[in-house]
Amino acid sequence: MNYEFDWPLLLEEPNWGWVIEGVANTIQLSLMAWGFALVLGVLIGAIRMSKSRLLRFIGTTYVEIFRNIPLLVQLFLWFFVFPLLLPDDLMRAWNRLDGVPFFTALIGLSLFTAARIAEQIRSGISSIPKGQFLAAYSTGLTEVQTFRHVIIPYAFRVMIPAIASEFLTIFKNSALTLTIGVAEVTGAAKTIEAYTFRGIEAYSAASLTYMLTTASVVIFMGWLEHALRIPGLIGKR
Amino acid sequence: MDFSVINDNIEFLMLGLMRSFQLAFFTIILSLIIACFIAIGRVSSRRSIRYPSAIFVNLLRSNPLILIVFWFFFLVPLITGKTLPEFHTVLIAFVVFFAAYFAEIVRSGIQSVGSSQVKAALSTGLTYSQSMRLIVLPQALRNMLPALVTECVIVFQGTTIAYVIGMREFLHSTSLVAERTVRPVELYLFAAFVYLVICFAGTRLALFLEKK
Amino acid sequence: MTLPLVQINNLSLRYGDFVALDDVSIDFMPGTCVVICGPSGSGKSSLLRCVNRLENFDKGDVIFDGQSLKAAQNISKIRSNIGMVFQHFELYPHLSVMNNITLAPRYVNGVNRDEAEAKAHKLLERVGILDQAKKYPNELSGGQQQRAAIARALALEPKLMLFDEPTSALDPEMISEVLQVMRDLARNGMTMLVVTHEMGFARDVADEVVFMDKGKVIERNESGGFFDNPQSDRAKEFIDRVLQKI
């Protein structure tokens, strides 16, 4: 193998600008999609535990469809198919919109991840002993109060690691949006490689972004779990 | 909508689907073998084995698959000095990437069998390797089977990423027909449906194994 | 003439094909302590859970304090008048002992925080764990957890207390501290329904014993009579078996 490293190349324009834009887009896209996915995921998770059979069916159908179609296919559906299904004037308005790739990516990532979060909410809540519900009901708390004061505060702590790891998943999955033209960090690295043939430098910059973010989220979550720990619970149950 | 376009191109599309299956199949077999060694390395008592295994796993798990594929497309020709067929290059990238994920599943499978099981086995006079083979591994395998099946579904979904480097798997075949016939709606919906059916069957199987 | 506090009329309950309660009719007078015993699967815990409608019974009805549970619109209000103690305590692990006790008074009865805490203070003193108020359930011993759970149930000033095998999950050395709290309650005139295998408690504290088997009430007697002179063969057999075990 003979390869001459040229690390300063990354700091030259336009490469540096691409990297910065890529990192910014990746972080912005992941954070926004994570927020939407969390709200939608909690909603669908709740629907799946409702007493109404119809609502449960809707929730289950959503989860099965959105987690079983590969994310890349979903992105293509939103990017290539969805605008064609709109009425003509709406489609024209959509195509005139600035940043269509970004919006498409946001929709695709959010809906895909919401299905995964809904599953985690459900398994988090079903991991709570049934006796907790009985105890709360026996003291006269209503169903809403039981969830509000007893089940959710506890389930939330149980689910912190899963919700954090969903952020990391969305963060890595956002790389797929380069296929529909979002200038995120993996796409930026690919562009630099294409122009300069300096693959190691370019991809190192992207990998570093992912690894540093992963490490900081892991450290932050460790701190958060410690801060919210329930005294006496570790090593029991 | 006119789905006859699917029928007209079904052979070409199915060829792509076969390629997706091939990639998933070889990825699963090869990465699972490597994963077993890494998993044993992860629970080793020797630091010189445990640390490198942990670094390998965490390095790959914190990067997106698509970036790993790009890395290998750059590195493989650089290291070997020649261009391998794209299927082989993608396969190497996939095997390395998914080995890290399978390794974590195998590791938690091994750790799910309590050490008291080993002690109980040893107390009845079995040797260490006998108790591993007869007591721990069968239980570990049963415990990790649902997660393994789920991961296989993820591998199959992941094969779509080979589209990015132009390998003619199912999604790529679909997009080629979509462009040629200018019928993206029918074709992408068809592809989504095919993936949905296959992956739904996989996740149901995982659920069934979990309940058993 | 006093009316019964709990009237159970032709109550039936099934889980799929399994008949948990088979046309049970029985009533309980205020101020009495009744022990319900019987082999496992006899329906005694199911009966208890029907008394505050934690189980939705198929047929029959429960009348609590003159109100039909089947017809009740606001079951939460009725439940707040019935305290319940569980085998596995079921304290809320993420709340301190104090907050476990004050949660329901504050949110069900709308009592303000200071008042609820003052009341909890007295209850913790009564069950002998005042020094544990700020701790979390999992930092307590099993016996202390169960006493905290009793305090939680008492915080709503219930007219009736249900105990579902309150000592079954406890280490032997902690059973007596929980039974002592229950004994004091009975002595102070609380109406209690207790599912338990503690035959000593049944003989010494309970006013009456109800024996169940296969979803039916087989026998009901004052506690002395039940042990000295059981009427049915099944009860005889049961008493022999439990007493032998001790």
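Residues numbered from 1 in each chain as written. Chains lettered and ligands numbered in written order. Predicted model: local features only at pLDDT ≥ 70, side-chain atom pairs only at ≥ 80, totals over all residues. Heavy atoms only, no water.

Novice: Explain the packing of aromatic side chains here, please?
Specialist: The description of an aromatic ring pair rests on the distance of the ring centres and on the angle between the ring planes. Under the criterion given, the structure shown has 31 aromatic pairs over all chains. Pairing Trp34 of chain A with Phe167 of chain A gives two aromatic rings, centres 5.2 Å apart and planes at 70°, and the pair type is edge-to-face. Here the residue Trp34 of chain A occupies a position in helix 1 (residues 15–48), and Phe167 of chain A occupies one in helix 7 (residues 143–173), the gap between them amounting to 133 residues. Among the residues examined, Trp34 of chain A registers a relative accessible area of 22% and is labelled partly exposed. We classify Phe167 of chain A as buried; its relative accessible area is 10%. One aromatic cluster in this structure is built from Phe76, Phe79 and Phe80 of chain A together with Tyr163 and Tyr188 of chain B. The positively charged end of Lys190 of chain A is found above the aromatic ring belonging to Phe70 of chain B, 5.0 Å away from the centroid. Just above the ring of Tyr101 of chain B sits the side chain of Arg61 of chain B; from NZ or CZ to the centre is 5.0 Å. (Phe/Tyr/Trp six-rings, centres within 6.5 Å; stacked < 30°, edge-to-face > 60°. Helix = DSSP H or I, 4+ residues; strand = E, 2+ residues; numbered from the N terminus. Buried < 20%, exposed > 50% of the residue type's maximum accessible area, 1.4 Å probe, protein only. Lys NZ or Arg CZ within 6 Å of the ring centre and 35° of its normal.)

Novice: Explain the interface of chain C and chain A here, please?
Specialist: Many structure descriptions define interface size as the accessible area lost when the parts assemble. The interface of chain C with chain A comprises 24 residues on the first partner and 23 residues on the second. Between the two partners, chain C and chain A, sit 0 salt bridges. Where chain C packs against chain A, one counts 6 residue pairs in polar contact (both at pLDDT 80 or more). Elements with a minimum of two residues in the side of chain C that touches chain A: helix 2 (75–79), strand 6 (82–85) and helix 3 (97–108) of chain C. Here the residues of the side of chain C that touches chain A are counted per class, giving 14 nonpolar, 5 polar and 5 charged. (Contact = heavy atoms within 4.5 Å. Salt bridge = Lys/Arg side-chain N within 4 Å of Asp/Glu carboxyl O. Polar contact = N/O pair within 3.5 Å; in protein donor to acceptor, adjacent residues only side chain to side chain. Nonpolar A, V, L, I, M, F, W, Y, C, P; charged D, E, K, R; others polar.)

Novice: Quick question: what am I supposed to make of the sheet that holds strand 2 (residues 18–28) of chain C here?
Specialist: Strands in a sheet are paired, the pairing made by backbone hydrogen bonds, and the direction either parallel or antiparallel. Residue and element names in this part refer to chain C. The strand order across the open sheet formed by 4 strands is 2-1-4-5, and the pairing between neighbours is antiparallel. Sheet topology places strand 2 and strand 5 (67–68) at the edges, where each strand pairs with a single neighbour. As paired elements, strand 1 (residues 6–15) and strand 2 share 7 bridges and run antiparallel to each other. Bridging from a neighbouring strand, Tyr15 pairs with Phe18 of strand 2. This element, helix 1 (residues 44–51), spans strand 1, strand 2 and strand 4 (59–64) of the sheet and lies at about 120° to strand 1. (Pairing = 2+ DSSP bridges. Axes fitted to C-alpha atoms, helices over the stretch in contact; angles between N-to-C directions.)

Novice: Where do I start with the layout of surface pockets in this structure?
Specialist: Gaps between atoms show up when a probe of the same size as a water molecule is rolled over them. Here the second largest pocket is characterised by a volume of approximately 830 Å³. Taken together, 23 residues form the lining of the second largest pocket, with Lys51, Lys130, Phe133, Tyr137 and Glu143 of chain A sitting closest to its centre. Of all the secondary structure elements, the ones that give two or more residues to the lining of the second largest pocket are helix 5 (100–126), helix 6 (130–138) and helix 7 of chain A together with helix 2 of chain C. Grouping the constituent residues of the lining of the second largest pocket by class yields 11 nonpolar, 5 polar and 7 charged. (1 Å grid on protein atoms, 1.4 Å probe; cavity = no way out; pocket = protein on both sides within 12 Å on 5 of 7 lines; lining within 4 Å. Points joined across faces, edges and corners; volume = space filled by probe spheres on them.)

Novice: Would you mind going over the arrangement of the chains with me for this structure?
Specialist: Taking contact number as the criterion, the leading pair out of 2 pairs of chains in contact is chains A and B. Nothing in chain B touches chain C; the tightest C-alpha to C-alpha distance between them is still 19 Å.

Novice: I would appreciate a short explanation of the interface of chain B and chain A in the present structure.
Specialist: Contacts between the two partners involve 32 residues from chain B, matched on the other side by 36 residues from chain A. Between chain B and chain A, the buried area comes to about 3,100 Å², and carbon and sulfur atoms account for 79% of it. Among the salt bridges present, the one from Glu64 of chain A reaches Arg204 of chain B, with a minimum N-O distance of 2.8 Å. Put simply, chain B and chain A have 8 residue pairs in polar contact (both at pLDDT 80 or more) between them. Listed by contribution, the elements that provide at least two residues to the side of chain B that touches chain A are helix 3 (47–61), helix 4 (65–80) and helix 9 (184–211) of chain B. Per-element accounting of the side of chain B that touches chain A gives the leading share, 11 residues, to helix 9 of chain B. Class assignment for the residues of the side of chain B that touches chain A results in 25 nonpolar, 5 polar and 2 charged. (Buried area = accessible area lost by both parts, 1.4 Å probe.)

Novice: I keep staring at the sheet that holds strand 6 of chain C and nothing clicks. Help me out?
Specialist: Residues and elements named next belong to chain C. The strand order across the open sheet built from 6 strands is 6-7-8-3-9-10, with neighbouring strands paired in mixed fashion. Strands with a single pairing partner mark the edges of an open sheet, and in this sheet they are strand 6 and strand 10 (216–222). Ignoring strand direction, the axes of neighbouring strands in this sheet form an average angle of 15°. For strand 9 (residues 208–213) and strand 10, the ladder comprises 6 bridges, and the chain directions are antiparallel. Paired with Val210 across the two strands is Arg220, which belongs to strand 10.

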